[in-house]
Amino acid sequence: MSKKHIHFELQGEQNEVGVIRLTRGAKRNALNDGLILSLRDLFEKMPKSVRAAVIDGEGDHFCAGLDLSELQERDASQGVFHSRMWHAALECVQYGPVPVIAALHGAVVGGGLELASACHIRVADDTTFYALPEGTRGIFVGGGGAVRIPRLIGTARMTDMMLTGRVYNAQDGERIGMAQYLVPEGKAFEKALELATRIAGNAPMTNYALTHVLPRIADQPADQGFMTEAMMAAIAQSAPEAKDRVRAFLEGRAAKVQKS
Ligand code: 1HE
């Protein structure tokens, strides 16, 4: 299936992994309105077989951020609506039907970093670099970056990136929390697909708890967080699938945890 500026295909024995590729390589996958709306529509209408998704970018760069050629003179209210449109689309990625793994390489900048930060896992290869050039272009983040990026790397580091134009390379990016995995050049997609396939085999309620409930617990005061955790734990463990999985371990039919 091809929507505007993205290609989507199903992978896995039961079509359980959805692979989304940004296909504006000639423009370094810069995010215009058409692409953002395609992402929103795709996550809203994800095929039922899909249990995990990978987002990848065509060419040498994951994503060069907002398509600057579309940055017209907007008045304040148009600017608010445009930013809110991004928020709605990236909300569909973060709080959509399935866990999402971003396969990063080359530039992950501006809105590209905002998109990556809406995903649940980021796998970066050695060519990856991260920046927020908004600061030096006289603008501000508008795609949820002010909320999501400090949760990954801390407010002080984001402030520094925007004030000074600092660029983090792949190694330093992983060290500060931009990505959870760092792999050799050209291997990010393969690793992301491997992770997505494994995640697709989890109990759907556990995946839901991790993508929809855990981030909300993390934003709650501790007292409320403990209560939400107890509710979620009770719901997850009461699912028949959870009981089957625990029984399989107790009967020696399920894998042990292995030292890595
Ligand atoms: C673009 C964009 C873009 C490339 N909008 N057209 N983002 C930025 O400020 C980053 C701007 N881009 C770059 O710094 C570089 O393009 C890259 C480091 C990502 C890649 O460099 P390179 O040498 O591989 O490519 P290039 O030659 O710079 O670009 C190739 C083409 O893509 C060229 O167009 P062409 O018609 O001359 O071939 C570029 O103009 C085009 N291109 N990036 C439009 N971003 C919700 S708010 C979010 C706010 C932001 O994201 S601001 C940050 C924007």
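### Topic: the overall build of the protein
Phase 1: Summing up its helical and strand segments, the protein has 10 helices and 10 strands in all.
Phase 2: Relative to the 2.2 N^0.38 estimate, which gives 18 Å for 260 residues, the radius of gyration of the protein is 19 Å and therefore close to what a compact globule would have.
Phase 3: When the backbone C-alpha atoms are referred to their principal axes, the protein occupies close to 65 × 45 × 35 Å.
Phase 4: By sequence separation, contacts in the protein at least 24 residues apart represent 70% of the contacts at least 6 residues apart.
Phase 5: Carbon and sulfur atoms make up 55% of the accessible area of the protein, which totals about 13700 Å².
Phase 6: Between the centroid of the 29 positive side chains of the protein and the centroid of its 30 negative side chains there is a distance of 3 Å.

### So, the site of the ligand
Phase 1: Neighbouring residues of the ligand: 22 residues in total, closest Lys27, Ala64, Leu66, Gly111 and Arg137.
Phase 2: At 3.1 Å from an oxygen atom of the ligand is found a side-chain nitrogen or oxygen belonging to His61.
Phase 3: Alone, the ligand offers 1000 Å² of accessible surface; in the complex the protein occludes 65% of this.
Phase 4: Residues that form the shell around the ligand fall into these classes: 10 nonpolar, 6 polar and 6 charged.

### Brief notes about the pattern of salt bridges
Phase 1: A full pass over the atoms with the stated rule returns 12 salt bridges.
Phase 2: Note that Arg151 is salt-bridged to Asp219, the shortest N-O span being 3.0 Å. Taken together, the positions of Arg151 in helix α4 (residues 145-153) and Asp219 in the loop between α8 (204-218) and α9 (222-238) put the pair 68 residues apart, joining distant regions of the chain.
Phase 3: Given the relative accessible area of 53%, Arg151 is considered exposed.
Phase 4: For Glu194, the salt bridge goes to Lys191, with nearest N and O atoms at 3.4 Å. Highlighted residues: Glu194 and Lys191, both in helix α7 (residues 188-200), separated by 3 residues, approximately one helical turn.
Phase 5: Beyond isolated ion pairs, a larger network of salt bridges with shared partners links Lys191, Glu194 and Arg198.

### Observations concerning the domain arrangement of the protein
Phase 1: Here the protein is described as being made up of domain 1 (2-200) and domain 2 (204-250).
Phase 2: Relative placement of domain 1 and domain 2: their C-alpha centres are 27 Å apart.
Phase 3: Contact with domain 1, which involves 8 residues of that partner, is made by 7 residues of domain 2.
Phase 4: Both sides together, the interface formed by domain 1 and domain 2 hides about 680 Å², and carbon and sulfur atoms give 49% of it.
Phase 5: Viewed at the interface, domain 2 and domain 1 are joined by 1 salt bridge.
Phase 6: Inspection of the domain 1/domain 2 interface yields 3 residue pairs in polar contact (both at pLDDT 80 or more).
Phase 7: Tallied by class, the residues present in the side of domain 1 that touches domain 2 amount to 3 nonpolar, 3 polar and 2 charged.

Thresholds applied
Residues numbered from 1 in each chain as written. Predicted model: local features only at pLDDT ≥ 70, side-chain atom pairs only at ≥ 80, totals over all residues. Heavy atoms only, no water. Helix = DSSP H or I, 4+ residues; strand = E, 2+ residues; numbered from the N terminus. Rg over C-alpha atoms; globule rule 2.2 N^0.38 Å. Contact = heavy atoms within 4.5 Å. Areas by Shrake-Rupley, 256 points an atom, 1.4 Å probe, with all protein chains shown as cover. Lys, Arg positive; Asp, Glu negative; His and termini not counted. Charge placed at Lys NZ, Arg CZ, Asp CG, Glu CD. Near = heavy atom within 4 Å. Polar contact = N/O pair within 3.5 Å; in protein donor to acceptor, adjacent residues only side chain to side chain. Nonpolar A, V, L, I, M, F, W, Y, C, P; charged D, E, K, R; others polar. Salt bridge = Lys/Arg side-chain N within 4 Å of Asp/Glu carboxyl O. Buried < 20%, exposed > 50% of the residue type's maximum accessible area, 1.4 Å probe, protein only. Domains from an automatic or database assignment. Buried area = accessible area lost by both parts, 1.4 Å probe.

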